[in-house]
Structures are given as C-alpha cells and as structure tokens.
Amino acid sequence: MKIKTFLGAMASALALSTGANAQTEIQWWHAFTGANGDRLAAQAELFNQSQGDYTVVASHKGNYSETLNAGIAAFRAGEQPHILMVFEVGTATMMAAKGAIKPVYEVMNGAGIDWDPNAYIGAVKGYYTSPEGDMLSMPYNSSTPVLWVNRDKLREAGIDPDVDLSTWEKVDGVLTQLKDGGVKCPLVTAWQSWIHLENLSAYHNVPFATKENGFAGLDTELALNGPVQVAHIAKMGEWAKDGKFIYTGRRNEGGANFRAGECALFTESSAGYGGIKAEATFDFGIRPLPYWDSVEGAPQNTIIGGASLWVLAGHTDEEYKGVAAFLKFLSSPEVQAKWHQDSGYLPITGAASDLTREQGFYDANPGTDISVIQMTANEPTGNSKGLRLGSFDQIRGIIDEELEAVWAGDKTAQEALDSAKTRGDALLRRFEQANG
Amino acid sequence: MEKRVTFKGWILPLILLLPQVIVSAVFFFYPAGQAIYQSLYIPDPFGLSMQWVGLGNFEYLLGDPYYRASFATTAVFSGLVTVVSMGMALYLAVLADRLIKGSGTYRTLLIWPYAVAPAVAGVLWLFMFNTRVGVVSWYLGVLGYDWNHVLNETEAMGLVVVASSWGRISYNFLFFLAGLQAIPKSVIEAAAIDGARFWTRFRTIVFPLLSPTTFFLLVVNIVYAFFETFGVIHTITSGGPQQATTILVYKVFSDGFVGQDLGSSAAQSVILLVVVGILTVVQFKFIERRVHY
C-alpha cells in the first residue's frame, strides 16, 4: 500500500513538473539599461503573467552594437535567441541575412494570429518593410529628433522663452543673441550624423543616398554632399568657430550638458524625454526640429531612429507561436501608450497615439506630441522613408570623423562631405560584394 | 661563449616540449591559421556564404590612404607609450632602489596600478580629463588652458598615451627594480671609490648591466602598445577625433565588430601579425647585439 502511495506521489510530481516544463521559453536579447531597461523588463513580466504557455526571458547584451554582435556570434554557434533587438542602422545587415532571420510577417501569419500590419504608423513601419510591402521586423523603440529648449537660459539672455525657433534662419539669430547675452553653450547636439545629416536630408526632401536611400537596391551611393547638406554643415561649422555650437562627442554626451542646465538649445531624440524630465531642474520646452526656410519643400517629415525586434531563424513552430503572441502583446495600444508616455519613444500604432490623447497625456505634457506630428505631417517620399545602407554603423563613424574635421576648422563642409561620400561608398561596395 | 646542452635521443626533449607545443598550437597556430584563411574571403556576417577574393582584401586595405595613415598613428602611439612607460619606470626604479627606509611601501604603491584593467584605466583617465566635469581639465581651465581632447588631436593622443602607459609603468618598474638589485654592489662601490658620481656610475655601469632587462621590456612593451591598448582607446576616444587615435588594432575591431566586415578584419590581423613579427626579428637581430648578458 505504502509503495502504491509513493508511486502515486511520484507520478503526480512528475505530472506537475512536466506541466511546468510545458511553458515554452522565448529568449529576448536587448540593449537597454537604466529606466528603459526596467520598463522593458516590466513588459516581459506583464506578458508572462498574462498567460501560462510562454515565458519571455529578457537578457541585456550590451549596447546596440554589442547586442547585434552577440546575436551574430550566437547564430554562428547555433545558439541564437528567438528575438534580437537591432538598432535601425543594422537593418540592412539583417535584411541581407536571408537565411538567418524569419520575417515578422511570416511569424505572425504562421502562428495564425489576427494581425493587421496597417495598424502601424507608416513612417515607422516603412523603415522595416521590404520593397514588396512585407514587414520584416517589429518596430519596438522609435524616436525622432526634436529641439529641446532651456527656457530659463533664454530668459537669462533676455530672450522671450517663446521665441520662434521653427527655422534655422531664426535659430541663427537667437544663437547670436545667446552668445552676446553671455551664454557659454548656446547649442549642443547628440547623434550629429543622425540629426544633422540623415534627418536634415529627409526633412528637406533631398536624398541622403541614391536608390531611394538604399531602399531600391544594394548598388546605392551616398549623396550626402548635396548643396542643402553642405550649406547646413558649413553654417554649423561657423557656429562652432564662434562658440555658438559646442561639440561634445559622437554619441549623446551633450545630454549631460543640457540636463545640467548649461546649454540653451539641444537637438536630441524625442526619447531624451525620460532623462530630461527626471533630471532637469529648469523650465524646459520641446519644439519641432528647425528647418531651412530657404529650401523648397521643407519641412517634409523626419525619420526614425531606435531599434526593432528581429526574429531569428532555426527555432520550432511552437516557439514561433509564442514569439508571435509576444509581439502582438507588445503592439497592443495599452502597452504602447504606456511605453510612449514613459519613455518619449514614438507610439508605433495609431491606436496607441489615440489612446494617449484620450488619456489626456498630451494636454498635461505640452510638446510631447510634437515628435508624432513631425513624423506623420506628410506622406513620406523616397527621400524620407528612412535609410537602408549596409555597414551603416561604420559609415556613421566616418561621417563623425569628417564632421569633427569641420568643427575643428581643418576642412570645409564641402571637403568633409565629399570625403565622407568617397569613404562611405567604398564600404557600401564591400557590403554589396559580401551580400550581393 | 655559447653554452649548449645536448640530449641523447629524441623522446625526452619531445616530451619536455610537448606542453608548449600544444599551447602554441591551440592558442596561436589555429587562430592565426583561421585568420589567414578568412583573409582570403569576403564572408557575410552570419557565416551563410563566403566569396573567394584571393588577395583582394589586402589590395583593398593597402589602397586605402586612411589605413596607411593608421600605420603612422600606430608608430607614434607605440613609440610614445614605450618611451614614457619605460622611462618613468626606470626613473622610479632607480629612486626606489636607493631608498633605505620605507622602500617596501613605495614599491607596493608603485606596483598597484598594474592591477587595473586597461578599460578601467581608460575610464579613470577619461574622468579626470572629461571636458565638462574632469578635475584636471577644470584646473587647466583655471590656468587659462582650454582642454578639449574631443576635438584636439594632439591632446587626444597625449591622453591615450598617458592612460596606456600608466598601468604599464608598474610592470616595467618591477622588472627594472629586480634588474637593478641583481647588479653586484661591489662593482658600483668600486666605481664610487674611484670617484665616479651617481650619473657616471649609472651611465657606464648600471645601464649597460641592465640591458638584458631593458631589451626584454622593449619587446614586451611594443607588443603591449600594439595589441593590449585597445581597451583604453575604446573607452577614451573610440579612435577619434577624426582618426587621430585609430591604431591598427582598433581598426581591426572597428571593421570586424562595427562594420561586420570579417574579411577585411582578418586581413588586417594578418598584416598586424607580419608587422609585429618583423619588428621582433629586427629587435633581436640589431638591438640584441648591444645587450650584455
């Protein structure tokens, strides 16, 4: 009798444990730390609690470049995660790796999930969609550059804090006033290539690269040395020389200067919101990114930065079902609206944006809808859909080097951008050869 | 002068050599072979396909003026790191060697920085020279000097050289101190009795007798400056401003891990291997002749 009870207990224990094992694990590798890392972990946790079939395990793998490399190395070793966060400049690399990825539309359709790709905001979706119109990766965190204003600094220099800053012509005048008013750091920027060349080009509807910025083929060439870009960089070079534009580094080092209240104007991603709101002890405002009034067709629309989620090949159908369920969960209006309001990233669906408006967030936090308006103001053109260039992370490095030569006064804007084109094109040809 | 130890037969020397041969094969010959193999192809990042290009990667690299400029940057950087770290270490070792009281404490303190990893050292120095909150750059500002290594190429080079040399001074110090203590006191005393002052004694006796140590450190430090300073450069300048601090090994990283161009990255590793090989042969052939063992 005793043995029977024992066996029975064993059997039920076994049944329990297999019950627990039946939860399929979904590995998600990401690049977020700090507040956004916590928000991301909370999303995974919420999903895990909302259902019993799948467990999403989120792992931090370093910054964007490191996460991409970790994913590539894992794939080569046959131990790739299900979901990999890849920054927007890695899009062309991922798209070209046909055997390594499982396009998101296939994952969703294969899992038989009710899913509408048209629910996503066009300018966001377009960046990650194939020329045939299929969505290849799931937009996750997308942002667009805006102009951050330290209103106290403007007052300090005797300028009306509501002064018109819609065009660079007007900003030019304000910078002079700031400088004359004794402000040591009138303008600072983050991500110079992204804001002052990539977005500048889209915003003024001029090509950054040929072949629709690379969307139409790997045989694309850079076109960033056109008159609009050269004029803008030349002007910034002048500002740098006059001490009106302060260069702080290639990434977002300038954020520290702005948040500490040293700088008056700051061109940075809309996703700077979380940090600035938390740290700034001054009255700050958000304005649309300025444009050159003299350029016809401006302002067009700005483009996104950030990352999307790529599903990697080589997993079972059951696991892909879990991935699909999770991606659908992430796109839901509630999750997206919260993400958008907390972090300053764009809502990736129209529904999330509407929900945010209904909740009264835009009224309570003026300026937070500027990024959405700026991105969706006009139907994107071939010049403003986004960028799809191979080796783009490294090309950005080249652009950074050349821009530094302009800020230091070693090269003219024309020389620097011509050189950036020549050097960048060499990398594009390498990429074409490797992936052609 | 040459001493030779000869073994009878093959087995014993083979067994004695075997561990070293295995270690070299696993950690050197195999990876180096892989690098040479990959340098002849242009692979895609995920390893799905490879294209044979022969020496195409090398042609591409050597035709690139920025890559060639990186050689000059590396030469300047390695030269400065070697001179600064060995010079400072020798100076400190000579001083510590003359100490009678408290020499143990000095030695321990001087050896400490060696325990700091290059990347951490980089962050430490970056913190001191940070253009906004750095202590040193702030004092320089008070003195009227506007420190900005973010845009000034000379300052950037100076900063990475100092940060790379700092931890290395400890390592070199250890060897120099041991070398100094191995010099027989009687020789120095004899010279002193003959009326040779400190500087004369150092120049004519101590430095020549220290030459085996100096030679060893020269080889080791150049290899260090070529390869192990990556962490410092990555944390402080990322190769900038412009390309002022892009040394060869940093470009290997940047092409391989930022650009995912593994063919070019492998070809650069092979070139580096050859350069360091040649340098070491040159050192052994020409400088070692002047070394007294």
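Residues numbered from 1 in each chain as written. Chains lettered and ligands numbered in written order. Predicted model: local features only at pLDDT ≥ 70, side-chain atom pairs only at ≥ 80, totals over all residues. Heavy atoms only, no water.

### Some details on the overall build of chain A
Along chain A, the regular secondary structure elements total 20 helices and 10 strands. What you see for chain A is a C-alpha radius of gyration of 24 Å, in line with the 22 Å of a compact globule of 436 residues. Its C-alpha atoms put chain A at 95 × 50 × 35 Å along the principal axes. Considering only contacts in chain A between residues 6 or more positions apart, those separated by 24 or more positions represent 78%. Approximately 16,800 Å² of chain A is accessible, and the part contributed by carbon and sulfur atoms is 53%. (Helix = DSSP H or I, 4+ residues; strand = E, 2+ residues; numbered from the N terminus. Rg over C-alpha atoms; globule rule 2.2 N^0.38 Å. Contact = heavy atoms within 4.5 Å. Areas by Shrake-Rupley, 256 points an atom, 1.4 Å probe, with all protein chains shown as cover.)

### Brief notes about empty space enclosed by the protein
Scanning the entire structure with this criterion turns up 6 cavities of 30 Å³ or more. Approximately 100 Å³ is the volume attributed to the largest cavity. Lining the largest cavity are S391, R430, F431, A434 and N435 of chain A together with I42, P43, P45, G259, Q260, D261 and L262 of chain B. Every element with two or more residues in the lining of the largest cavity is listed here: α20 (413–435) of chain A together with β1 (41–43) of chain B. With 4 residues, α20 of chain A is the largest single contributor of residues to the lining of the largest cavity. Taken together, the residues of the lining of the largest cavity break down into 6 nonpolar, 4 polar and 2 charged. Estimated volume of the second largest cavity: approximately 80 Å³. Lining the second largest cavity are V146, W148, S270, Y273, I286, H340, G344, F361, G367, T368 and S371 of chain A. Within the lining of the second largest cavity, the residues separate by chemical class into 5 nonpolar, 6 polar and no charged. Two domains each donate at least three residues to the lining of the second largest cavity, and these are domain 1 (2–143 + 305–364) and domain 2 (145–302 + 390–435) of chain A. (1 Å grid on protein atoms, 1.4 Å probe; cavity = no way out; pocket = protein on both sides within 12 Å on 5 of 7 lines; lining within 4 Å. Points joined across faces, edges and corners; volume = space filled by probe spheres on them. Nonpolar A, V, L, I, M, F, W, Y, C, P; charged D, E, K, R; others polar. Domains from an automatic or database assignment.)

### Notes on the domain arrangement of chain A
All names here are of chain A. The domain architecture assigned to chain A consists of domain 1 (2–143 + 305–364) and domain 2 (145–302 + 390–435). One C-alpha centre belongs to domain 1, the other to domain 2, and the line joining them spans 32 Å. Facing 18 residues of domain 1, the contacting portion of domain 2 comprises 14 residues. When domain 1 packs against domain 2, close to 1,200 Å² is buried across both sides, 55% of that on carbon and sulfur atoms. Contact with domain 2 buries area across many residues of domain 1, yet V89, A96 and S143 alone supply 32% of it, more than any other trio. Measuring nitrogen to oxygen at the nearest pair gives 3.0 Å for the salt bridge that ties R396 to E88. The tally of links from domain 1 across to domain 2 stands at 4 residue pairs in polar contact (both at pLDDT 80 or more). (Buried area = accessible area lost by both parts, 1.4 Å probe. Salt bridge = Lys/Arg side-chain N within 4 Å of Asp/Glu carboxyl O. Polar contact = N/O pair within 3.5 Å; in protein donor to acceptor, adjacent residues only side chain to side chain.)

### Details of helix α5 (residues 118–129) of chain B
Residues and elements named next belong to chain B. Taking 1.5 Å as the rise per residue, α5 with 12 residues should run 16 Å; its terminal C-alpha atoms sit 16 Å apart, in good agreement. Buried residues of α5: A121, G122, W125 and F129, and no others. What you see down the axis of α5 is that its buried residues fit within an arc of 105°, all on one side. Elements in contact with the buried residues of α5: α6 (135–142), α7 (153–182) and α11 (230–236). (Expected span 1.5 Å × (residues − 1). Buried < 20%, exposed > 50% of the residue type's maximum accessible area, 1.4 Å probe, protein only. Arc of directions from axis to C-beta.)

### A closer look at the packing of aromatic side chains
Residues and elements named next belong to chain A. According to the stated counting rule, one finds 43 aromatic pairs over all chains in the structure shown. For the ring pair W28 and Y140, a centre distance of 5.5 Å and an interplane angle of 85° mean the geometry is edge-to-face. Within this pair, whereas W28 is found in strand β1 (residues 24–30), its partner Y140 is found in strand β4 (residues 138–143), the two being separated by 112 residues in sequence. Across the pair, Y140 and W28 agree in class, each one buried. Here F258 and F282 contribute two aromatic rings whose centre-to-centre distance is 5.5 Å and whose plane-to-plane angle is 90°, an arrangement assigned as edge-to-face. You can see F258 sitting in helix α12 (residues 254–259) and its partner F282 sitting in the loop between α13 (273–279) and β9 (284–287), a full 24 residues away along the chain. (Phe/Tyr/Trp six-rings, centres within 6.5 Å; stacked < 30°, edge-to-face > 60°.)

### A short note on the interface of chain B and chain A
The interface of chain B with chain A comprises 32 residues on the first partner and 37 residues on the second. With both chains or domains summed, chain B and chain A bury close to 2,900 Å², and 52% of this area falls on carbon and sulfur atoms. In terms of surface lost to chain A, no three residues of chain B exceed F46, R132 and Q242 of chain B, which account for 27% of the buried area on that side. Counting the contacts that link chain B with chain A gives 2 salt bridges. Measuring nitrogen to oxygen at the nearest pair gives 2.9 Å for the salt bridge that ties D261 of chain B to R430 of chain A. Where chain B touches chain A, the interface holds 15 residue pairs in polar contact (both at pLDDT 80 or more). Those elements that provide at least two residues to the side of chain B that touches chain A are β1, α2 (56–62), α12 (248–258) and α13 (262–287) of chain B. Looking at the side of chain B that touches chain A element by element, the count peaks at 4 residues for α12 of chain B. Of the residues assigned to the side of chain B that touches chain A, the class counts are 14 nonpolar, 13 polar and 5 charged.

### Notes on the environment of K328 of chain A
Counting through the fold element by element, K328 of chain A comes out in helix α14 (residues 317–331). Separated by 213 residues in sequence, K328 of chain A and W115 of chain A place their C-alpha atoms 7.5 Å apart.

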